Amino acid sequence: MPLLINGKTSVDAWVALDADDYSADAKAAIDHSLQQKNATIYPLAVYLTYREQLSADPANTGVLVTGDDNLSSLSDLLSEVSLIAIDFPVLRDGRGFSIARNVTRRGFSGEVRAVGDVSYDRLDNMQRSGFNAFQIAEDRYTDDAHQAFTEMTVNYQPTHLR
Amino acid sequence: MYLYNNDDQQLVDERVEQYRDQTNRFLAGTLPEDEFLALRLMNGLYVQRQAPMLRVAIPYGLMSSVQLRKLAEISRKYDRNYAHFTTRTNLQFNWPKLEEVPDILAELASVQMHAIQTSGNCIRNTTTDPYSGVYKGEVEDPRPYCEIIRQWSTLHPEFAYLPRKFKIAVTAGPDDRAASRVHDIGLHLVKKASGEVGFEVIVGGGLGRTPIIGKVIKEFLPVEHLRSYLDAILRVYNLNGRRDNKYKARIKILVKAFGIEKMAALVEEEWLDFTKDSDLLLSTAEINKFKSYFTPVDYDLNAKNELDLSAAFAKSQTFEAWYKRNTVEHKVAGYRIAVISLKPLLLPPGDVTDLQMDLIADLADQYSFGEIRSTHDQNLVLADVKVSQLYDLWVALSAANLARANIDTLTDMICCPGFEFCALANAETIPIAEQINRKFDDLDYLYDLGDIQLNISGCINACGHHHVADIGILGVDRKGENFYQFTLGGSSKTDASLGKTIGKALAAGEVANTVEKILHVFVQNRVEDESFREVIKRIGLEPFKEYVYATSH
Ligand code: SF4
């Protein structure tokens, strides 16, 4: 899936925890994932369950957050991860904008990645809410995606820029 | 009034081009319909029963003569020579072409107007008291704060996809002419004994399926914290409001679920931890800059020497009636606030033709410093008219069918567009308004009744605010036929309350007769000059129920 980081098309250095492996044997899946030493994104609830093990390597650890997660737990693990992926389950669900805002204003400086229903017309809003990476579905991606960030050059919310 | 600087202008210009591109991509098939839907709604474009409908923002109901003339021109060029004022003090065009909307937006931008956030699940146009800045009893002019809210909320990146639409109203003081208690947020300007000015903040009011009167979330918010506190409320709502059911997604449901104490605590925490002393804090210099756009106009100090209208009254009783009903005391001696009734006999409430708009713009230039206001009741206001010029103004308005002396009477109804123009409607509303107008065309009778608010909605969404009227009428569909349910005893004013249903819905043909019966009970029970509201409070609904539903009279 195309990935834009800071306005440029980028190669995804991260893998997601394999959901099937995890549901078959959670502990084995976590151990396996740690052995691989890949930069891995864990669902927030999984991360919280295995926090002791997973928090040892912040550089290679990320979490995937949805609007239904317990968001207060997110704020105190910001130093343990270097990527936060925030899910937009459907177009109408705008919770992700505020989640991104919440983590960046608490000083998180790693990658804040928008995943799920991510497309051209909302990229600028996302960036201005704190996202710096955007995973766009293949069929919604076009090469002019970076132009989304320059359509509007003025705004009334300067404080929202990272 | 507020004037755009280069940045404001650039913002609306760029927004026009952005929207043009979105429209083009939709027409070319590269932007999926459901995505375009969300985007066009955020720019005021609905697709209705017969045609698209474009809603233009009139920020806090204030416009210049230049802007009104442009709206008239647009209605001629792109529509059918008329437009409609809404209870959000916005203006709707009922027949634009989807492909032409970007051009209309460009025309609007040329006079510092736009359609941004006039629909969709975002922060809508802020409304306020139509007598702002000229009314004697106000604490302060609320418009500088409305403009601050407008800028903060315009294209806010974080709050464009809220659980549901979000409406804010601001009052100038204790008198509520903005229905603030049935808004998502109501802000009341208040002054402490020390002289410090701030806001009483109300949250979680609303109409629709679940009408609720808002509750106080903060008793006193210093003005400099306006933006930071709103930002905190919106974030709590955006993260916690329900997203699984659009009928339960408004902030009123969240406030009800949490209880006002928990809601207040969450907002307070967000505010104290993050937003209160952030860049959202308003400096005195910043507030003063906004105030500088709304300083009093250049009043003629000699106007107070020409107050005698007895000669004009002798000339025309109709003028005298208009003066009494349609003009309001002004804080500057020698001036009056004049209300232009958009409720003529037998025409849809809130509608204006292109020629009427042109005329009103001219009259505003001639008599009222070139400014016009739109009201929550779907009328217009010229706020600064010299007493000595009222007669000439009245003559000009009369000639254009704009001087019906019915402000705050039974026929000054709020009425939603209903079946003819709204895809969601269950029933007709405009023919019902007409039926009532035909029955009660005797103005002297209406004057005797005093202030009565009658509101009509074509479905449970309640855009006609029927819950907060003395007499509320709701259209319902019964097996393909229109029936109407009556509620009595509602108010959107300072003592806001929700009306109560008096019984089963009645056939369309019975509506005006039922209003007559209700008024009969009122008149029979009225002591001296009691208002309808006072009588209801004193005697309750029973006598009305009995009389309306009695088998014969
Ligand atoms: S109340 Fe119903 S019919 Fe009337 S405008 Fe609103 S949605 Fe349409």
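Here the structure is a predicted model, which means the values were calculated and not measured. (Residues numbered from 1 in each chain as written. Chains lettered and ligands numbered in written order. Predicted model: local features only at pLDDT ≥ 70, side-chain atom pairs only at ≥ 80, totals over all residues. Heavy atoms only, no water.)

### A short note on the sheet that holds strand β3 (residues 14-16) of chain A
All names here are of chain A.
Part 1 of the argument: Pairing is mixed across the open sheet formed by eight strands, whose spatial order is β2-β1-β8-β7-β6-β5-β4-β3. Among the strands making up the open sheet, the edge pair consists of β2 (8-10) and β3. The sheet shows a mean angle of 30° between the axes of neighbouring strands, taken without regard to direction.
Part 2 of the argument: In this structure, β3 lies alongside strand β4 (residues 39-43), joined through three bridges in parallel fashion. Pairing of Ala16 across the sheet is with Ile41, part of β4.
Part 3 of the argument: Lying over the sheet, helix α6 (residues 95-105) contacts β5 (61-65), β6 (83-88) and β7 (111-116), oriented at roughly 165° with respect to β6.
Part 4 of the argument: Helix α7 (residues 120-129) contacts β1 (3-5), β6, β7 and β8 (133-135) of the sheet and is inclined by roughly 145° relative to β8. (Pairing = 2+ DSSP bridges. Helix = DSSP H or I, 4+ residues; strand = E, 2+ residues; numbered from the N terminus. Axes fitted to C-alpha atoms, helices over the stretch in contact; angles between N-to-C directions. Contact = heavy atoms within 4.5 Å.)

### A short note on the sheet that holds strand β15 (residues 380-386) of chain B
Residues and elements named next belong to chain B.
Part 1 of the argument: Sheet architecture is open: five strands sit in the order β3-β14-β15-β12-β11, paired in antiparallel fashion. The open sheet terminates on both sides in strands that have one partner only, identified here as β3 (62-64) and β11 (327-329). In this sheet, neighbouring strand axes are inclined to one another by 30° on average, regardless of whether the strands run parallel or antiparallel.
Part 2 of the argument: The sheet contact formed by β3 and strand β14 (residues 371-374) spans three bridges and is antiparallel. Paired with Ser64 across the bridge in β14 is Glu371.
Part 3 of the argument: The strands that helix α12 (residues 354-367) touches are β12 (335-340), β14 and β15; relative to β15, the one it contacts most, it runs at about 25°.

### A closer look at the site of the ligand
Part 1 of the argument: Looking at the ligand, the residues that line it are Cys416, Pro417, Cys422, Leu424, Ala425, Gly458, Cys459, Asn461, Ala462 and Cys463 of chain B.
Part 2 of the argument: Grouping the constituent residues of the shell around the ligand by class yields eight nonpolar, two polar and no charged. (Near = heavy atom within 4 Å. Nonpolar A, V, L, I, M, F, W, Y, C, P; charged D, E, K, R; others polar.)

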